[in-house]
Structures are given as structure tokens and as C-alpha cells.
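So the chains spell out like this:
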Amino acid sequence: MTPLRLDRLDLLRELEPTAAKNLDRHLAISKEWMPHEYVPWSRGRDFDSEPYEPGQSTLGPVAQIAFEVNLLTEDNLPGYHREIVDGFGRDGAWGTWVNRWTAEEGRHAIVMRDYLLVTRAVDPDALERGRMQQMQVGYDAVGKDALRVMAYVSFQELATRISHRNTGRYTEDPIADRLLARVAADENLHMVFYRDCVTAALELTPSQMAIAIAEEVLGFEMPGTGIADFGRKAKQIAKAGIYDLRIHHDQVILPLLTHWGFFELEGLDPEAEQARTKVSEFLTALEGLARSYEQKAQARADRARQRVDA
Ligand SMILES: [Fe+2]
Ligand SMILES: [Fe+2]
């Protein structure tokens, strides 16, 4: 028996009422906010008369890295916009959502860059070169269909929400904290939109959506992977507890799978059952890896304490 699969146009047509309902809700609950009100402009000085020096930053080195990575990720918006248009199209509620989402996302890079430049929190030349490099690498979702895009952005918006929120706290600067909490609140509403589209798709075509979710859980990569030296930076961000495997497992992947009732879905076809088994195995491995990193971190902390006591 050939499993039932809907093609892209049927999917988008069938899910159009869901997109319209979720869009209306989003427009009703999202609050207008002004990026310029989150930036301490009075701290600004001209760079030509007073060039940047590393000692001017009031953020620690890891807070600088996390902020920079979060901003460069936001900078890649044109690439994500293209992928989302490819997934959802330009028509009807989908098209309206894509444009609204893009406009909201645009605000994130604006407010974050303004903050970093005005406060001289990072090297402005390195930041600009990083932006140029990141945007030229671009972002390529390699032919993901609408369902995979939906699953990916659900995880990604939630991951971004947490990463912004934790970066804000980590800076220990109340201004940065308030700014990143505001951005994180946007990411949360984006996540809710996509998450609820996935819920509707699971009702419409459960096996097809379950396979898409599985593919995205197994292959998940943060969009910042095109950033120069991303591996080293990601490690430092993880060590600082801003975004690590434990958070990825406990606060991103698991809550969404639970919300969707992924492991309780009934009547899946054999291909979807197999995909679900792989997710289960993957989560066990991820949990094991997260635990082993925690044990290593604990051992490091114990050794440091012993050295202080000695
Ligand atoms: Fe964003
Ligand atoms: Fe977002």
C-alpha cells in the first residue's frame, strides 16, 4: 500500500484556515514595540574621533560572543525569508504571515546592533565583517518541504527564544537583559504560530508530518552554523549554560514533542513508525551526551574548588 502523502499545494490549501486563524491570533496578541526605546543612546560617541578599543566593552568575553552570534543569526534574515517563502508561498494568509514575520524579525537585528554599537560592547569592525561573511554564506534549507520548514522553525524559534533570554541574563546588564527579553517575547509568539500549524498538520496528515518532525529533530542545526569559528563559539556558549545539549533536549525538543503528543500518535504508517523510533533513539543518545557533559563540568568545578582549598 502506498502511504498517503499530500503534495505541497494541497497541504498549503488545507492548512490555509489554520494559518489564517493563527495569524489573526498573532496580530491580536502581539504588542507594538519601538527598538529605539531599548537602546541607551546617551552612551554613544563618534568612532572617528574616539576609535573603539577592546577595554571599552562592559560585557565579559563570553557575553560578547553570545550576543554577537545571536545578532549574526538575526542578520541572515534575507536567507530565512527566502526559505520561508519557498515553503509557504506568497498567497493568502501564508503570504501575509511571511511578510509580518519578516518585518518583526527585522527589528531584532536593528535593536541588537544599535545596542552593541552605542555601548561599544563588541569590536564594530569585526561585527561588520562577520555580518558580511555570514550573509554571503547565506542560508540554504536544501529543498525542505512546507512540513519540514514548519517543524524546523518551531524548534528554531523556541531555541532562539531561550538563547536570547539566557544571553540577556548572562550579560548582567539590565539594559541588555530587557532588550533581549523583548526580542525573546517575539520569538515565543513566532514559535506558537508554527507549533500550532504543526498540530493542525498532524491532524491532517499524521504520518507525513511525523516524518517531517523526525527529520528536523535528527538533523537540527542552529542557523548560526555559517558564522566564522562557530564551533568554538558554540562551545563557549554551551559552557556558559546559555545554550547547551541539556537545554536543547529538555527545553526545546522534548516540550514540543510532548505538546504535539508525538509519541502517542496513533495509526502511523510503517515509514512514520520507523521515523518515530529513530527520534526515540536519538533522544536517548542526546540525553546521555548531555549527562556526560554535565559530569565533565562537575568534575572541572570540583577540581577548581580543590585547587582553591589547597
Ligand atoms: Fe529573531
Ligand atoms: Fe522569530
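The shown structure was predicted, so the numbers you read here are calculated from the model rather than taken from an experiment.

Undergrad: Pulling in residues and values, what's your account of the overall build of the protein chain?
TA: Within the protein chain, the secondary structure is distributed over 11 helices and 0 strands. Ordered by position in the sequence, the α and β elements of the protein chain form the string α-α-α-α-α-α-α-α-α-α-α. Radius of gyration (C-alpha) of the protein chain: 21 Å, near the 19 Å computed for a compact globule of 310 residues. Counting every position in the protein chain, which comprises 310 residues, the buried fraction comes to 50%. When contacts within the protein chain are restricted to residue pairs at least 6 apart in sequence, those whose partners lie at least 24 apart make up 84%. Total accessible area computed for the protein chain in this model is approximately 15400 Å², and 53% of it derives from carbon and sulfur atoms.

Undergrad: Give a detailed account of the coordination of the iron ion (ligand 1), specifying residues and quantitative values.
TA: Donor atoms from the polypeptide that bind the iron ion (ligand 1) are E74 (OE), E74 (OE), E105 (OE), H108 (ND1) and E187 (OE), placed at 2.0 to 2.4 Å. Of note, the donors binding the iron ion (ligand 1) are all from one chain and are spaced E-x30-E-x2-H-x78-E.

Undergrad: Outline empty space enclosed by the protein, supporting the account with residue identities and numerical values.
TA: Scanning all chains against the criterion turns up 2 cavities of 30 Å³ or more. There is about 210 Å³ of room inside the largest cavity. Lining the largest cavity are 18 residues, with Y80, W101, Y152, V153 and Q156 sitting closest to its centre. If you list the elements that add at least two residues to the lining of the largest cavity, you get α2 (61-75), α3 (77-88), α4 (92-118) and α6 (146-171). Considered as a void within the structure, the second largest cavity measures approximately 30 Å³ in volume. N22, R25, H26, I29, L189, V192 and F193 are the residues that line the second largest cavity. For the lining of the second largest cavity, the secondary-structure elements that each account for two or more residues are α1 (8-29) and α7 (174-204).

Undergrad: Describe in detail the packing of aromatic side chains, supporting the description with residues and values.
TA: Counted by the stated rule, this structure contains 14 aromatic pairs. Look at F155 and W260: their rings are 5.7 Å apart centre to centre, the planes differ by 80°, and that puts the pair in the edge-to-face class. In this pair, F155 sits in helix α6 while W260 sits in the loop between α10 (245-259) and α11 (270-309), placing the two residues 105 residues apart along the sequence. Assessed through its relative accessible area of 0%, F155 is described here as buried. In this structure W260 comes out as buried when scored by relative accessible area, which is 6%. Ring pairs connect the aromatic residues Y80, Y139, Y152, F155, F220 and W260, which therefore count as one cluster. If you follow R178 out to its NZ or CZ, it ends over the ring of Y38, 4.2 Å from the centre.

Undergrad: Explain the coordination of the iron ion (ligand 2) residue by residue, including any values.
TA: Distances from the iron ion (ligand 2) to its protein donors, E105 (OE), E157 (OE), E157 (OE), E187 (OE) and H190 (ND1), fall within 1.8 to 2.7 Å. All donors of the iron ion (ligand 2) belong to a single chain; written as a sequence motif, their spacing is E-x51-E-x29-E-x2-H. A distance of 3.9 Å spans the gap from the iron ion (ligand 2) to the iron ion (ligand 1), which E105 bridges by coordinating each metal. Here the residue E157 occupies a position in helix α6, and H190 occupies one in helix α7, the gap between them amounting to 33 residues. Summarising the burial analysis for this pair, E157 and H190 share the class buried.

Undergrad: Residue-level account of unusual backbone geometry, with values.
TA: Phi angles above zero are rare outside glycine, and E172 is one such case at about 60°. Structurally, the position occupied by E172 is in the loop between α6 and α7. Although it is not a glycine, D229 adopts a positive phi angle of roughly 65°. Looking at the element boundaries, D229 is found in the loop between α8 (206-218) and α9 (230-239). Residue classification places D229 among the partly exposed positions, given a relative accessible area of 42%.

Undergrad: Report on α1, specifying residues and quantitative values.
TA: An α-helical segment advances 3.6 residues per turn. Residues three or four places apart therefore align on the same side. The end-to-end C-alpha distance of α1 is 29 Å, a good match for the 32 Å that 22 residues give at a rise of 1.5 Å each. Of all the bends in α1, the largest measures some 45° and sits at L15, one to four residues before the proline P17. Listed in full, the buried residues belonging to α1 are L11, L12, L15, T18, A19, N22, L23 and H26. Each element contacted by the buried residues of α1 is listed here: α3, α4, α6, α7 and α8.

The rules behind these values
- Residues numbered from 1 in each chain as written.
- Chains lettered and ligands numbered in written order.
- Predicted model: local features only at pLDDT ≥ 70, side-chain atom pairs only at ≥ 80, totals over all residues.
- Heavy atoms only, no water.
- Helix = DSSP H or I, 4+ residues; strand = E, 2+ residues; numbered from the N terminus.
- Rg over C-alpha atoms; globule rule 2.2 N^0.38 Å.
- Buried < 20%, exposed > 50% of the residue type's maximum accessible area, 1.4 Å probe, protein only.
- Contact = heavy atoms within 4.5 Å.
- Areas by Shrake-Rupley, 256 points an atom, 1.4 Å probe, with all protein chains shown as cover.
- Donors = N, O, S within 2.8 Å, 3.2 Å for Na, K, Ca; no water.
- 1 Å grid on protein atoms, 1.4 Å probe; cavity = no way out; pocket = protein on both sides within 12 Å on 5 of 7 lines; lining within 4 Å.
- Points joined across faces, edges and corners; volume = space filled by probe spheres on them.
- Phe/Tyr/Trp six-rings, centres within 6.5 Å; stacked < 30°, edge-to-face > 60°.
- Lys NZ or Arg CZ within 6 Å of the ring centre and 35° of its normal.
- Expected span 1.5 Å × (residues − 1).
- Bend = angle between axes of the 7 residues up to and from the residue.

Honestly, it's all geometry; don't read function into it.
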